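Each chain, written out:
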Amino acid sequence: MLKGNRYKEPVIETLPEPEILDNMADKKNSRNVRKKKKAEVEAEVEETEIQQPRDFSKWILAAGFLATLFALFSFLSFAGYLFSYQSDFDKVANTGYWQLFGDTNIMLNNWMGKTGAILAHLFIYKSFGIASLVFSMVSFLAGFVLLFKAKFFSWPRVAAMSLFLLFWVPATCGFVLLNKSEFLFIAGKYGFNMAVWLQSAMGSLGTVLFLLFAATAFSSLYFNIKFDLSKKKMQPDETQMMQKEILEQTANAPVLEEERLVNHQVFEPVEFDVTSSPELVENIALKSPILEVADTQELEIIMPPDDIIEETIAVTEEDKTTDVIESTVPLTIENSLLPEEETEMNVQQVLANMGEYDPKLDLSSYQFPDIDLLENYVSNKSKLSPEELKAELESNKNKIVETLGHYNIGIEKIKATVGPTVTLFEIVPQAGVRISKIKNLEDDIALSLAALGIRIIAPIPGKGTIGIEVPNQTADVVSMRSVVASEKFQNSDYDLPIVLGKTISNEVFVTDLAKMPHLLMAGATGQGKSVGLNAILVSLLYKKHPAQVKFVLVDPKKVELTLFKKIERHFLAKLPGEEEAIITDTKKVVNTLNSLCIEMDNRYELLKDAQVRNLKEYNAKFIQRRLNPENGHRFLPYIVLVVDEFADLIMTAGREVEMPIARLAQLARAIGIHLIIATQRPSVNIITGTIKANFPARIAFRVTSKIDSRTILDAGGADQLIGRGDMLLSTGADLLRIQCAFVDTPEVEKITDFIGAQRGYPEAFMLPEYVGPEGESGSVADFSAADRDPLFEEAARIIVQNQQGSASLLQRKLKLGYNRAGRLVDQLEASGIIGPFEGSKAREVKIKTEAELMEFLGKV
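So, a few notes on the structure that sits alongside this text. From a predicted model like this one, the values you see are computed outputs, not experimental measurements. (Residues numbered from 1 in each chain as written. Predicted model: local features only at pLDDT ≥ 70, side-chain atom pairs only at ≥ 80, totals over all residues. Heavy atoms only, no water.)

This part is about the overall build of the protein. From N to C terminus, the protein includes 30 helices and 15 strands. Evaluated residue by residue, the protein yields a buried proportion of 41% over its 860 residues. Within the structure as shown, the protein displays about 50600 Å² of accessible surface, and the carbon and sulfur contribution to it stands at 55%. (Helix = DSSP H or I, 4+ residues; strand = E, 2+ residues; numbered from the N terminus. Buried < 20%, exposed > 50% of the residue type's maximum accessible area, 1.4 Å probe, protein only. Areas by Shrake-Rupley, 256 points an atom, 1.4 Å probe, with all protein chains shown as cover.)

Right, dumping it as structure tokens:
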């Protein structure tokens, strides 16, 4: 053994045993299988990821909104530019755009502000003129397609039309307005330059001919207009002649059992054995030019072109019976076989196809009163010079400051707001001054100012100031003409807009009677209640059509509302059989109020059937023809009940009037019946808690005591008013002082004469018929068997089946009007089938079964 060297055993490579080799191969194969499966799964995942595109719906929706917004903004900008061109041109053209945006003192008259003015200046003046509206149209169409994914037009056609309009409209406008420089902005610079070039190149006559030719050529190409004046009939072409000859030849050929019907829509190749029928091959080859022999052993029938022939082989009578033949006779199904819901749906579709219903169509020629019918009273303040007005304000301010200074009350700031009849002084007291201390000095300040009466608001809601209302020495008259002609009233979209007058800040006060929803007015005699009622009625006459609103006027005084008798056939409502539409008798008032309760119940039934919650939704549904008039549905106008002197009704009728008034006040808001009640005695036995709870909107004119003020307003202040239309309006939150608009009797007479002279309805709007207990007891003997309605037995059967004796039930079941249904109810009562009227309770049905009814009718 050698020293210094470590001995290493030689490495002998030995082959593994066969079993070990098999195990190694199995492991290797399983590893390869797992890798292969993993690769397949990854490939499937990648494929699914590739196949599933990204969701761009949100981006498409955003792009649609942006395109629609740009279309609307640009359209309003272009339209506003046509009206504000002269006033805005110098500012936009001579001022840099960034400077124009940075300077807030520069005001533009464009509807969309500075951005709209600049956009319109670039597109209209510097480019294509009014043809720039094409961009708004294209943007709107793009937005519509992106939002709703609807395509009802072709983009190439839209592009062609847009390009033609951008060329033809500016050139035509520029040529027509070439000598009128003030209107050249309609054509734009492009149109002006194009018109100048055309006129210099072709002359005036040539330009006209060129523009007409361009319009005619484009229209004929775009709308596929053909100018074919020939009336010669078309001769049959060669293909039709060939088809006719082939059909004649095949008709004369012998009919073979192996022949089949060859249809150009469904066809399968058919193979025939030549040896079995050699005549077939020869016959088909000779008679049919559309067959080709592909092989000597079999015959392949090739499908002929559609435009050459449809059938080549005649069909025997036996083959016709085995084939399926489509019948051209239409199948008719009677309506009785259809379900009731389907029939109703068809009726609704027919009604919808008729277009929207127009309630104004009966009086389509009706003209609203002209503003010139109202007087324009001269302002009393115009008689005073500005120096005199300023001296009056300074004097009142000094007296207020001096009076408060006597009680060590300092003032940091004072501001005056001059109204029509009252000036509001807003005071900011020094820190540490108690508000109650200033409020207790109301009489002292009135003494120092020698005023009729002042009113202190401590503090003013929404402001950190104390208000002192001081009457002006020279009161101003707020004319009805000035408030009706105001933009605020003319542009109001209220359901029942009424304008009451002007606030203490000289703003026209317009409100919605439908949102109040009822109005309670009170004030001493001669303080302006009747003028206020006339102002409300005149407001509605100036804004509403006779088909939209009806008045029920109650006038116990008999002289206040008589002027409105002339518009009976236009705006008034009354009971059937009554001669006078304006109610003055207390008994008729009770019947009218109960009739309104019946109308209220009937309307709620209609709303329930229509599945709507208020009158506005019901009328909108009816106008869209989604309600069937055959089921009793009709357009429902608003009804406004006006009572001029409520105290007299309470004194004479008492609870008979209070109960229906309370019912209407509680329930009638949703169905469009609104109440306006006026009284000159706001005591607690007249204006009860039930009535006050349902009249959140209240108007108080001047009253004589603080108790009356608290009765009507639940707050003081009405006793400090100065009269002559000065009033406080309470809507539940705060009190608003308003000077009522003055409308004189001759003005109301002119308006009613103007309306009454026009064509009206045949009669006034008829309320449901109401017969009181006395009238019912007297009417039982008036009916005999000979005078019965033809539907008497059917109505009796319906009443007994439902055990409900009401006219509304007969209306729905028999599809009758209320008057006829009411007469049927009276006849049923007279015959003893139902009981008498019991107020709010339902009538008693005395017969319980149909067998009893048939026996009863046989005896009667």
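Next up on the list: helix α14 (residues 442–449). For α14, every residue scored as buried is listed here: Ile 445, Ala 446 and Leu 449. An end-on view of α14 places all buried positions within 100 degrees of arc, on one side of the element. Relative to its buried face, α14 has exposed residues pointing more than 90 degrees away, namely Asp 443 and Leu 447. For α14, the elements touching its buried residues are α12 (386–406), β3 (455–457) and β4 (466–471). (Arc of directions from axis to C-beta. Contact = heavy atoms within 4.5 Å.)

A few words on the pairing of strand β2 (residues 422–429). Extensive coverage of β2 is indicated by the burial of 7 of its 8 residues. Of the strand pairs in this sheet, strand β1 (residues 411–418) and β2 are connected by 7 bridges, and their pairing is antiparallel. Following the sheet pairing, Lys 413 is matched in β2 by Val 428. In textbook terms, the turn of a hairpin is the stretch between consecutive antiparallel strands, and for β1 and β2 this stretch comprises 3 residues. Where β2 lies against β4, 6 bridges are found, and the strand directions are antiparallel. Across the sheet, residue Leu 424 finds its bridge partner in β4, namely Glu 469. (Pairing = 2+ DSSP bridges.)

We now examine the environment of Leu 374. Among the secondary structure elements, Leu 374 is positioned in the loop between α11 (340–353) and α12. C-alpha of Leu 374 to C-alpha of Arg 481: the two residues are 107 residues apart in sequence and 5.4 Å apart in space. Dropping the residues within four chain positions of it, Leu 374 is found in contact with Met 480, Arg 481, Val 484, Tyr 542, Val 743, Glu 747 and Ile 751.

By secondary structure assignment, the location of Ser 709 is in helix α24 (residues 706–713). Put simply, Ser 709 and Asp 719 are 10 residues apart on the chain and 6.4 Å apart in space, counted from C-alpha to C-alpha. In contact with Ser 709, other than residues within four places in its own chain, are Val 703, Asp 714, Ala 715, Gly 716, Gly 717, Ala 718 and Asp 719. Reaching out from Ser 709, the side chain makes a polar contact with the backbone nitrogen of Gly 717 at a distance of 3.4 Å. (Polar contact = N/O pair within 3.5 Å; in protein donor to acceptor, adjacent residues only side chain to side chain.)

This part is about the environment of Ala 741. Position of Ala 741 among the secondary structure elements: in the loop between β14 (735–740) and α25 (745–756). Exposure remark for Ala 741: the relative accessible area of 0% places this residue in the buried category. Considered as a pair, Ala 741 and Val 484 are 257 residues apart in the sequence and their alpha carbons are 9.5 Å apart. In this structure Ala 741 touches Val 478, Ser 479, Met 480, Val 483, Leu 500, Gly 501, Val 531 and Ala 535, once residues within four positions along its chain are discounted.

This brings us to the packing of aromatic side chains. Considering all chains together, one arrives at 14 aromatic pairs under this definition. Plain terms: the ring middles of Phe 164 and Phe 218 are 4.1 Å apart, the flat faces sit at 5 degrees to each other, and that makes the pair stacked. Placement of the pair is Phe 164 in helix α6 (residues 155–176) and Phe 218 in helix α7 (residues 188–222), with a sequence separation of 54 residues. An aromatic cluster is defined as three or more aromatic residues linked by ring pairs; in this entry it consists of Phe 78, Phe 123, Phe 128, Phe 135 and Tyr 190. When the ring centre of Phe 489 is taken as origin, the NZ or CZ atom of Lys 543, which lies over that ring, is 5.8 Å away. (Phe/Tyr/Trp six-rings, centres within 6.5 Å; stacked < 30°, edge-to-face > 60°. Lys NZ or Arg CZ within 6 Å of the ring centre and 35° of its normal.)

Moving on: a nonpolar patch on the surface. Together, Leu 82, Phe 83 and Trp 111 make up an exposed nonpolar region whose accessible area comes to about 390 Å². Relative to the helices and strands, Phe 83 resides in helix α2 (residues 57–94). You can call Phe 83 exposed: its relative accessible area is 66%. (Patch = residues over 30% accessible without salt bridge, like charges linked within 9 Å, V, L, I, M, F, W, Y side chains within 5 Å. Salt bridge = Lys/Arg side-chain N within 4 Å of Asp/Glu carboxyl O.)

A word on the pattern of salt bridges. The tally for this structure, following the rule as stated, stands at 23 salt bridges. Across the pair Lys 463 and Glu 426 runs a salt bridge, and its minimum N-O distance is 3.4 Å. You can see Lys 463 sitting in the loop between β3 and β4 and its partner Glu 426 sitting in strand β2, a full 37 residues away along the chain. Judged by its relative accessible area of 43%, Lys 463 falls in the partly exposed class. Residue classification places Glu 426 among the buried residues on the basis of a relative accessible area of 6%. Residues Glu 568 and Lys 574 are paired through a salt bridge, measuring 3.0 Å at the closest nitrogen-oxygen approach.

Just distances and angles here, no functional claims.
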